[in-house]
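Chain residues, written in single-letter form:
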Amino acid sequence: MARRDWPLDELAAGVKAGDTRALARAISLVENRDEGAAELVRELYPSTGRTFAVGVTGSPGVGKSALVGSLVRHVRGLGLSVGVVSVDPSSPFTQGALLGDRIRLADHFLDPGVFIRSMGTRGHTGGLAQATLQVLLLLDAAGKDVVFVETVGVGQTDVEVTAIVDEVVLVLMPGAGDSVQALKAGIMEIPDAIAVNKMDQPGAKGMLSDVRSVLSLAPDGRRPPVVLTDSLRGEGVEELWGAVVQRRDELAAGGELDERRRRNVRDEAAAAALVRVRRAIEEALAADPALADVVAAVERRELDPLSAGETIAAAVLGGARS
């Protein structure tokens, strides 16, 4: 059993006390979907709700990791504790994170006020690992003041981060393709702040102007601040963090921050339910010959997929209600 070496009550107490070893062990249980993970999250959930979670997204290569490192340095200078969750592509062989936090954010590993964890997507689309929200809850329970969630960076589909964080920072870079076109295509609705990184590159100021022009066309009137940054030198980082904090205060004053958090936990509850329903359907298809015959009828084109889906759902969900 996965918890032999650390009883649940001691592990939960260790997480709440901010013990690094306990936190690392708890995250491993969640990532591996250990049988004790759900019970652990259930035990710690009442101790959550205080962390300020910031998602950092953008295409690969724009400097998200370096920018997160600079933000961590700035936030630590303000006396706040920090957690970082870096969601990386998974190895097709081990399912572990391919990039890994040991390559990045190295300056912060000896800082006891910073906890960094890389997670593999394990084939999950949308840029976020399935267990990311639960890891965020563990960091919250451990007392981290700020948690940065850095996504894989898969372009326009990388919107799932909005479902688990309080705010989103979109990172762009001049010369990395038509980022303004990407904004027009739908990413414009996501960020609370935008960083045009690598500000020393040619075209950075032009891109800043172009992005602001695109944002001025937003039908809802939103104008996320756009900040020039250089993550390696730390330039613009204080201004960017100031914009993030100002936006948080605005959301809190209008009640939208609380509403975002309520929406996020509702969505997570629904997602968890969908996972269980999918598992129940897969088990029913494997165990019930009648349902297997329904699928076979679809393969023979004797029955359409929608009708088959209704039959399978009625059988599984009806059985669940009885």
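Novice: I'm lost on the overall build of the chain in this one. Help?
Specialist: Along the backbone of the chain there are 11 helices and 7 strands. Taken across its 322 residues, the chain has 46% of its residues classed as buried. Put simply, 72% of the contacts in the chain that link residues at least 6 apart link residues at least 24 apart. Roughly 16200 Å² of accessible area belongs to the chain as shown, and the carbon and sulfur atoms make up 54% of that amount.

Novice: Is there a simple way to explain the environment of Leu 303 in this structure?
Specialist: Relative to the helices and strands, Leu 303 is located in the loop between α10 (289-299) and α11 (305-321). Leave out the neighbours within four places in its chain, and Leu 303 touches Val 294, Ala 297, Val 298 and Ala 308.

Novice: I keep staring at a positive patch on the surface and nothing clicks. Help me out?
Specialist: A surface patch of like charges, here positive, comprises Arg 33, Arg 42, Arg 276 and Arg 279. Relative to the helices and strands, Arg 33 resides in the loop between α2 (20-31) and α3 (37-44). We classify Arg 33 as exposed; its relative accessible area is 58%.

Novice: Sorry, what's going on with the packing of helix α1 (residues 8-16) against α3 here?
Specialist: When two helices pack together, their arrangement is given by the angle between the helix axes and the distance between those axes. The contact between α1 and α3 brings their axes to 10 Å, and the two run at 50°. Regarding the angle of α1 to α3, the classification is oblique. The way α1 lies across α3 gives a crossing that is right-handed. Residues Leu 8, Leu 11, Ala 12, Val 15 and Lys 16 of α1 form the contact with α3, whose participating residues are Glu 39, Leu 40, Glu 43 and Leu 44. Residues belonging to the contact of α1 with α3 are distributed by class as follows: 6 nonpolar, no polar and 3 charged.

Novice: I keep staring at the packing of α2 against helix α5 (residues 132-141) and nothing clicks. Help me out?
Specialist: Contact pair α2 / α5: the axes reach a minimum separation of 10 Å and the direction vectors enclose 160°. One element, α2, and the other, α5, form an angle in the roughly antiparallel class. The handedness of the crossing between α2 and α5 comes out as right-handed. Side by side, α2 and α5 meet where Leu 23, Ala 26, Ile 27 and Val 30 of the first sit next to Gln 134, Val 135, Leu 138 and Leu 139 of the second.

Novice: Can you walk me through the packing of aromatic side chains in this structure?
Specialist: The description of two aromatic rings rests on the distance between their centres and on the angle between their planes. Inspection of every chain in the model, using the stated rule, returns 2 aromatic pairs. The structure contains a cluster of three or more aromatic residues connected by ring pairs, namely Phe 52, Phe 148 and Trp 241. Taking the ring centre of Phe 52 as reference, the NZ or CZ of Arg 248 above it sits at 4.9 Å.

Novice: Can you walk me through the pairing of strand β1 (residues 52-57) in this structure?
Specialist: Within a regular beta strand, the side chains point alternately toward one face of the sheet and then the other, so they alternate between its two faces. Taking burial as the measure, the 6 residues of β1 include 6 buried ones, the bulk of the element. Neither face of β1 is left uncovered, since the one carrying Phe 52, Val 54 and Val 56 and the one carrying Ala 53, Gly 55 and Thr 57 both have all their residues buried. Pairing of β1 with strand β4 (residues 146-150), which is carried by 5 bridges, proceeds in the parallel orientation. By the bridge assignment, Ala 53 is partnered in β4 with Val 147. As paired strands, β1 and strand β5 (residues 167-172) are joined by 4 bridges and run parallel to one another. Each residue of the ladder has a partner; that of Val 56, found in β5, is Val 169.

Novice: Would you take a moment to explain the pairing of strand β6 (residues 193-196) for this structure?
Specialist: Along β6, one buried face is formed by Ala 193 and Ala 195 and the opposite face, lined by Ile 194 and Val 196, is buried too. The pairing of β5 with β6 spans 4 bridges and is classified as parallel. Bridge pairing in β6 links Val 171 to Ala 195. Summarising the sheet, β6 and strand β7 (residues 226-228) pair through 3 bridges and their orientation is parallel. Residue pairing across strands places Ala 195 opposite Val 227, the latter belonging to β7.

What counts, and where the lines are drawn
Residues numbered from 1 in each chain as written. Predicted model: local features only at pLDDT ≥ 70, side-chain atom pairs only at ≥ 80, totals over all residues. Heavy atoms only, no water. Helix = DSSP H or I, 4+ residues; strand = E, 2+ residues; numbered from the N terminus. Buried < 20%, exposed > 50% of the residue type's maximum accessible area, 1.4 Å probe, protein only. Contact = heavy atoms within 4.5 Å. Areas by Shrake-Rupley, 256 points an atom, 1.4 Å probe, with all protein chains shown as cover. Patch = residues over 30% accessible without salt bridge, like charges linked within 9 Å, V, L, I, M, F, W, Y side chains within 5 Å. Salt bridge = Lys/Arg side-chain N within 4 Å of Asp/Glu carboxyl O. Lys, Arg positive; Asp, Glu negative; His and termini not counted. Charge placed at Lys NZ, Arg CZ, Asp CG, Glu CD. Axes fitted to C-alpha atoms, helices over the stretch in contact; angles between N-to-C directions. Parallel < 35°, antiparallel > 145°, perpendicular 65-115°, else oblique. Left-handed = near helix turned anticlockwise from the far one by under 90°. Nonpolar A, V, L, I, M, F, W, Y, C, P; charged D, E, K, R; others polar. Phe/Tyr/Trp six-rings, centres within 6.5 Å; stacked < 30°, edge-to-face > 60°. Lys NZ or Arg CZ within 6 Å of the ring centre and 35° of its normal. Pairing = 2+ DSSP bridges.

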